[in-house]
Amino acid sequence: MNHPVLALGSTDWLPVLGLRDEAAVGCDTHVVVRVQAQARLVKVRLFTQPLDEGTGPDPSFTTVFEGPLSLADGRLVIGDVMGVTRFVSLIGEAGRRRIRVAVDEPGRNAAAVDISVGPKL
């Protein structure tokens, strides 16, 4: 990550979301998460339901966001807020899905992020 803020959500335009002192904030289409930048690699894992047997989010991580996100075209974009790094995954049909974002250490030292995507609401 070249930027200390990871963004995830719809392929629509990323709105301005002020983190202030929070570890993460979200709106109806996006979530931004504070992470470590340029100190070491930030590991991001994406899980979609149904989960494969034996794999899943790390239960020791702290949840920093949990709620519904609207994905305009069924795709989830993950990357830095500057758009330098960007990963797009087709999750399924367009619509709202419950998203859970958990990190190994909330705040500026987060070096691992688990993103769980639930079924369509």
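For the structure given in this document, a descriptive report is provided here. (Residues numbered from 1 in each chain as written. Predicted model: local features only at pLDDT ≥ 70, side-chain atom pairs only at ≥ 80, totals over all residues. Heavy atoms only, no water.)

Looking now at the pattern of salt bridges. Following the criterion strictly, the structure yields two salt bridges and no others. Two residues, Asp 114 and Arg 45, come together in a salt bridge whose shortest N-O distance is 2.9 Å. Highlighted residues: Asp 114 in strand E9 (residues 112-120) and Arg 45 in strand E4 (residues 43-48), separated in sequence by 69 residues. When its relative accessible area of 1% is taken as the criterion, Asp 114 is described as buried. (Salt bridge = Lys/Arg side-chain N within 4 Å of Asp/Glu carboxyl O. Helix = DSSP H or I, 4+ residues; strand = E, 2+ residues; numbered from the N terminus. Buried < 20%, exposed > 50% of the residue type's maximum accessible area, 1.4 Å probe, protein only.)

Here strand E8 (residues 95-103) lies mainly inside the structure; seven of its nine residues are buried. With nine bridges joining them, strand E5 (residues 62-71) and E8 adopt antiparallel strand pairing. Within E8, the residue paired with Leu 69 across the bridge is Arg 97. Both E8 and E9 contribute to a ladder of six bridges, which runs antiparallel. Paired with Val 101 across the strands is Ile 115, a residue of E9. (Pairing = 2+ DSSP bridges.)

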